[in-house]
Amino acid sequence: MDEYNRTGKGVGIHARRAIAYIVLILVTFMCLFWFYVLFINATRGHAQIQMGFSAIPGDQFFHNWTKLMNSTQPVWHGLFNSVFIAVCTAILTTYFSTMTAYAIHVYNFKLKNVMFTFILMIMMIPTQVTALGFYRLMMDWNLIDSFIPLIVPAIASPVTFFYMKQYMESSLPLEIIEASRIDGSGEFHTFNRMVLPIMKPAIAVQAIFAFVSSWNNFFIPALILTKDQKKTLPILIALLRQADFLKKDMGQVYMMIAFSIFPVIVVYLILSKHIVQGVALGSVKG
């Protein structure tokens, strides 16, 4: 009977493992398939794309690239604008959210729980609700066609703050902070030299999320940026798609989208080694 139970348990483990692998393969395929379609269509012409899906790459890659570079759209300016805004946003979001989480986690003061709850309540407010007031405020401050309204508000990121706070509860013992204070270290020195290295996996994860979120942001930049030289890549892609029927070239549109995805892939590859560790530790409360 014991041997039968052991055999049955072994078969059950292998079956569950096989099911898990099958599910992972299916999910991976579903995630990567659309990237494959994107890059395939970037190598096909407008007429070929209109004929339907094809799993075989076309021969129009260099034609689409040349046509995109010679178009009236300021592609390289859009790339620089998107990279500049996304990088600055990721840095400000992660640094100040980590600093805020550090203050809530380490210090004991009145209304601490109230402030924590208030910050979480802000997470429930959609961006579209405050967009009109934000746009009017930027007009009053003469900040239209400026990158400042797209970068500075990233300092206040409730979602990133909440993740950093959860990560600190599982990975940042208060004894380390107390020992640093006993050694005479200042608060900013302790935060920058001791806390930030411990938080590196979480910062890498949230930097990726902040970068991608800012990179894909279309709504607010479309309101703030009006000059062609200041527009970001998502706005330029939308302009290509809105072209009239006679001028619309889907091969050029797919090339533009593929061109805009490349920097995101580079950032992911640079920070990917921290993702698993950051997600695992940040989701477990010690």
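Model, not experiment: these values are computed from the prediction. Starting from 1, residues in each chain are numbered consecutively following that chain's sequence as written. At least 70 in pLDDT is required for a residue's local features to be given in this predicted model, at least 80 for side-chain atom pairs to be given and counted, and no such filter applies to totals for whole chains, interfaces and linings, which use all residues. Hydrogens are left out, water is left out, and the side-chain values use all remaining heavy atoms of the structure.

1. A look at the packing of helix α11 (residues 200-216) against helix α14 (residues 250-271)
Axis definition: a line fitted to C-alpha atoms, over the contacting stretch in the case of helices. Angles run 0 to 180 degrees between N-to-C directions. Each helix is a run of H or I in the DSSP string that is no shorter than four residues. Each strand is a run of E no shorter than two, and both are numbered from the N terminus. Put simply, α11 and α14 touch, their axes get as near as 10 Å, and they point 175° apart. With respect to α14, the axis of α11 lies roughly antiparallel. On the side of α11, the interface is formed by Ala-204, Ala-207, Ile-208, Phe-211, Val-212 and Trp-215, while α14 contributes Ser-260, Pro-263, Val-264, Val-267, Tyr-268 and Leu-271. Angles are sorted into four bins: roughly parallel if under 35 degrees, roughly antiparallel if over 145, roughly perpendicular if 65 to 115, and oblique for all others. Two residues qualify as a contact provided that any one of their heavy atoms is within 4.5 Å of a heavy atom in the partner residue.

2. Digging into the packing of aromatic side chains
Working definition: a ring pair exists when centres of Phe, Tyr or Trp rings (six-membered ring for Trp) sit within 6.5 Å. Plane angles under 30 degrees give stacked, over 60 give edge-to-face, the rest tilted. For the structure shown, the criterion picks out 15 aromatic pairs. When the ring of Phe-29 is compared with that of Phe-33, the centres are 5.5 Å apart and the planes differ by 35°; the resulting orientation is tilted. Taken together, the residues span about one helical turn, with Phe-29 and Phe-33 both in helix α1 (residues 2-41) at a distance of four residues. Accessibility here uses a 1.4 Å probe with only protein chains present; expressed as a share of the type maximum, an area under 20% marks a residue as buried, one over 50% as exposed, and anything in between as partly exposed. Using a relative accessible area of 23% as the deciding quantity, one classes Phe-33 as partly exposed. Chaining the aromatic ring pairs together yields one cluster made of Tyr-95, Phe-96, Tyr-102, Tyr-107 and Phe-191. Note on geometry: a ring has a charge over it if NZ (lysine) or CZ (arginine) is within 6 Å of the ring centre and within 35 degrees of the ring normal. Lying over the aromatic face of Phe-116, Lys-165 brings its terminal NZ or CZ to 5.5 Å of the ring centre. Looking at Lys-230, its charged tip hangs above the ring of Phe-147, at a distance of 5.6 Å from the centre.

3. Here we look at the side chain of Lys-231
Relative to the elements of secondary structure, Lys-231 occurs in the loop between α12 (219-224) and α13 (233-241). Judged by relative accessible area, which is 11%, Lys-231 ranks as buried. Apart from residues no more than four positions distant in its own chain, Lys-231 is found in contact with His-77, Gly-78, Asn-81, Leu-225, Thr-226, Leu-236 and Leu-239.

4. Considering the confidence of the model for the protein chain
Confidence of the prediction at every residue is given by pLDDT, a number between 0 and 100. Taken over all residues, the pLDDT of the protein chain has a mean of 82, while the share at 70 or more is 89%. Put simply, helix α15 (residues 275-282) is where the protein chain has its lowest mean pLDDT, 55, and helix α7 (residues 148-151) is where it has its highest, 92. Of the regions scoring below 50 in pLDDT, residues 282-286 engages in eight contacts with residues more than four places distant in sequence or in other chains.

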